[in-house]
Amino acid sequence: MKKRIIVGNWKMNPTTFDEAKRIFKSTKSAAEKLKSVSVVLCPPFVYIPQLLNSRTESAVSVGAQDVYFEERGSFTGEISPLMLKDLGIKYVIVGHSEKRAKGQTDEMIAKKVAMLLEIGISPILCIGEETRSEDGAHLDFLKSQIKNSLNKVSKKNIGDLIVAYEPIWAIGAKEAMKPEDIYEMSIFIRKVLADLYGHDEAVATPVLYGGSVNFRNALEIFEKGQINGLLVGRESVNVAGFVELLKTIDA
Ligand code: PGA
């Protein structure tokens, strides 16, 4: 059975390293008991080196929340994919809507995705529409977002790609998208991937859902949504809830 992937996006939390260690440690000890779930935690950059050091084995992978699209040079404040590679990072969230809202374009995201795949890091490519419309305009939007974000990636490099469908209106919201709608969207996303890279590649690419997932709604979303995993924001820094979520999906 293919492993289910649960990614925790800590965003800009917590504000002390002590708290980061505590969340990481508790999540890790729960993750060690899981059989069918892979856990990836994406803390803020400053915590990454120390969390990587404090991990004894790989029950939890440490990922990054973003990366820059150049390898080196005069780019103040940016982090190169090569630096992440050197640390041993295997996953990077790319194109999160909170970064897109600050000016990241499909063009920049396409460069990041291609660079990461080239050096053997899995991009967790976030896609998602701002609103849904009766006439299906959000489907066209999503299709072009996927195409534009992958326009530098060839079929032979696609193996490590992960796609995270996160409708913007469901992020940081009270409720997640309805599982039935997630199911529809996951089929649509696979269809777009199949048109681009072929059926086998589309089926092999993990598609995750993100947006207001918590321990209460996770299982229904996972089962009815027919997805390969979840991208969890707020609930991933709420240890008790996140551990409960992991156990539910593992069972
Ligand atoms: P949320 O965030 O779970 O807090 O809605 C999800 C995300 O932004 O990845």
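Before reading further, recall that the structure is shown in the block above.
Residues numbered from 1 in each chain as written. Predicted model: local features only at pLDDT ≥ 70, side-chain atom pairs only at ≥ 80, totals over all residues. Heavy atoms only, no water.

J.: I keep staring at the site of the ligand and nothing clicks. Help me out?
T.: In the vicinity of the ligand, the residues found are Asn9, Lys11, His96, Glu166, Ile171, Gly172, Gly211, Ser212, Leu231, Gly233 and Arg234. For the ligand, an oxygen atom lies 2.7 Å from a polar atom in the side chain of Glu166. Protein contacts shield 99% of the accessible area of the ligand, which totals 290 Å² for the unbound molecule. (Near = heavy atom within 4 Å. Polar contact = N/O pair within 3.5 Å; in protein donor to acceptor, adjacent residues only side chain to side chain. Areas by Shrake-Rupley, 256 points an atom, 1.4 Å probe, with all protein chains shown as cover.)

J.: Would you explain the pairing of strand β8 (residues 229–232) in this entry?
T.: Across a regular strand the side chains alternate sides, sitting on one face of the sheet and then on the other. Residue alternation in β8 divides its side chains into two sets, Gly229 and Leu231 and Leu230 and Val232, and both sets are buried. Bridge count for strand β1 (residues 4–9) against β8 is four bridges, and the pairing is parallel. Within β8, the position partnered with Ile5 by the bridge is Gly229. Running through helix α9 (residues 218–225), the crossover from strand β7 (residues 207–210) to the neighbouring parallel element β8 is right-handed. (Buried < 20%, exposed > 50% of the residue type's maximum accessible area, 1.4 Å probe, protein only. Helix = DSSP H or I, 4+ residues; strand = E, 2+ residues; numbered from the N terminus. Pairing = 2+ DSSP bridges. Right-handed = clockwise from strand over helix to strand, strands pointing away.)

J.: Help me understand the pattern of salt bridges, please; the structure alone is not making it clear to me.
T.: Opposite charge on two side chains permits them to pair, given that their charged atoms come into close proximity. One pass over the structure, following the stated rule, counts twelve salt bridges. With a closest N to O distance of 3.8 Å, Lys99 and Asp66 form a salt bridge. Taken as a pair, Lys99 in helix α4 (residues 97–100) and Asp66 in the loop between β3 (60–64) and α3 (81–87) lie far apart in primary sequence, 33 residues in all. Its relative accessible area of 35% is what places Lys99 among the partly exposed residues. Salt bridges sharing partners connect three or more residues here, namely Asp66, Lys99 and Lys112. (Salt bridge = Lys/Arg side-chain N within 4 Å of Asp/Glu carboxyl O.)

J.: I would appreciate a short explanation of the packing of aromatic side chains in the present structure.
T.: Scanning the model with the defined rule gives four aromatic pairs in all. A ring pair is formed by Tyr68 and Phe75, whose centres lie 5.0 Å apart and whose planes are at 45 degrees; its orientation type is tilted. Residue class for Tyr68 comes out buried when judged on its relative accessible area of 15%. Taking relative accessible area as the criterion, Phe75 reaches 32% and is therefore assigned partly exposed. Ring pairing ties together the aromatic residues Tyr68, Phe69 and Phe75, which thus form one cluster. (Phe/Tyr/Trp six-rings, centres within 6.5 Å; stacked < 30°, edge-to-face > 60°.)

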